[in-house]
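Observations on the model geometry
Given next are the chains, with one letter for each unit.
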Amino acid sequence: VQLQASGGGLVEAGGSLRLSCAASGRTFSSYVMGWFRQAPGKERAFVAAITGSGGSTYYADSVKGRFTISRDNAKNTVYLQMNSLKPEDTAVYYCAARRSLTIMTNTMRYDYWGQGTLVTVSS
């Protein structure tokens, strides 16, 4: 599985961005998809994940109520809609795939990673 993330950019605090992650392969719906982020000087951290069917989602407390993860299995794409952005959301955002039915938040549980897209939120 190859993953290509896009949609990052510079936005003012309170603004919105939508990230996309396009996946190769014909078994996209077999993968839990997750978004992680890594701020300068910090470890990569879980943001959100969604099951293969899209029926279940899970969010980090820091983004709950502001971010929404979704997927379109017909397009092999997962999205992260980010609203009410804050300066502390500034990071490189990575999408990841886990061949499983269950959502996990640990980076070590994901099998494939995209290249990352930079989100910068100005105050």
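Now for a quick tour of the structure. (Residues numbered from 1 in each chain as written. Predicted model: local features only at pLDDT ≥ 70, side-chain atom pairs only at ≥ 80, totals over all residues. Heavy atoms only, no water.)

1. Some words on the overall build of the protein chain
Selection rule: Think of it this way: any DSSP run of H or I at least four residues long counts as a helix, any run of E at least two long counts as a strand, and we number them from the N terminus. Taken over C-alpha atoms, the radius of gyration is set against a globule rule of 2.2 Å times the number of residues to the power 0.38. Exposure is judged per residue with a 1.4 Å probe applied to protein chains only, and the accessible area is read against the type maximum: over 50% gives exposed, under 20% gives buried, and values in between give partly exposed. The criterion used for residue contact is that any of the two residues' heavy atoms lie within 4.5 Å.
Counting secondary structure elements, the protein chain contains zero helices and 11 strands. Overall, the protein chain shows an N-to-C arrangement of helices and strands of β-β-β-β-β-β-β-β-β-β-β. Taken over the C-alpha trace, the protein chain has a radius of gyration of 13 Å; the compact-globule value for 123 residues is 14 Å, and the two agree within 12%. Taken along its principal axes, the extent of the C-alpha atoms in the protein chain is 40 × 25 × 25 Å. Taking all 123 residues of the protein chain together, 43% fall into the buried category. Considering only contacts within the protein chain whose residues lie at least 6 apart along the sequence, 58% involve residues at least 24 apart.

2. Describing the environment of threonine 77
Counted only if it meets this: Polar contacts, as counted here, are pairs of nitrogen or oxygen atoms within 3.5 Å of one another; within protein the pair requires one atom able to donate a hydrogen and one able to accept it, and residues that are adjacent in sequence qualify only if both atoms are side-chain atoms.
Take threonine 77: it is sitting in strand β8 (residues 77–82). The buried category is assigned to threonine 77, whose relative accessible area is 9%. Residues threonine 77 and serine 20, 57 residues apart in the sequence, show an inter-C-alpha distance of 6.7 Å. A polar atom in the side chain of threonine 77 sits 2.8 Å from the backbone oxygen of lysine 75.

3. Things to note about the pairing of strand β5 (residues 45–50)
This is how the line gets drawn: Paired strands are those between which DSSP finds at least two bridges.
Among the six residues in β5, five count as buried, and that is most of the element. Bridge count between strand β4 (residues 31–38) and β5: five bridges; the pairing is antiparallel. Residue pairing across strands places phenylalanine 36 opposite phenylalanine 46, the latter belonging to β5. Taking the residues that link successive antiparallel strands as the turn, the β4-β5 hairpin has six residues, and the phi of glycine 41 there is positive, at about 75°. Relative to strand β6 (residues 57–59), β5 runs antiparallel, the two sharing three bridges. Within the sheet, the bridge partner assigned to alanine 48 lies in β6 and is tyrosine 59. Where β5 folds back onto β6 in an antiparallel hairpin, the turn is made up of six residues, including glycine 54, whose phi is positive at roughly 85°.

4. Observations regarding the packing of aromatic side chains
Working definition: an aromatic ring pair is given by the centre-to-centre distance plus the angle between the planes. Basically, it comes down to this: Any pair of Phe, Tyr and Trp rings, taking the six-membered ring for Trp, is counted once the centres come within 6.5 Å. Such a pair is stacked with planes under 30 degrees apart, edge-to-face with planes over 60 apart, and tilted for the rest.
Within the structure shown, the criterion is met by six aromatic pairs. Aromatic pair tyrosine 31 and tyrosine 112: ring centres 6.1 Å apart, planes at 70°, arrangement edge-to-face. A residue pair is termed long-range when its members are at least 10 positions apart, and tyrosine 31 in strand β4 and tyrosine 112 in strand β10 (residues 112–113) qualify at 81 residues. A relative accessible area of 6% places tyrosine 31 in the buried class. Pairing phenylalanine 36 with tyrosine 110 gives two aromatic rings, centres 5.0 Å apart and planes at 80°, and the pair type is edge-to-face.

In short, shape yes, function no, at least from these values alone.
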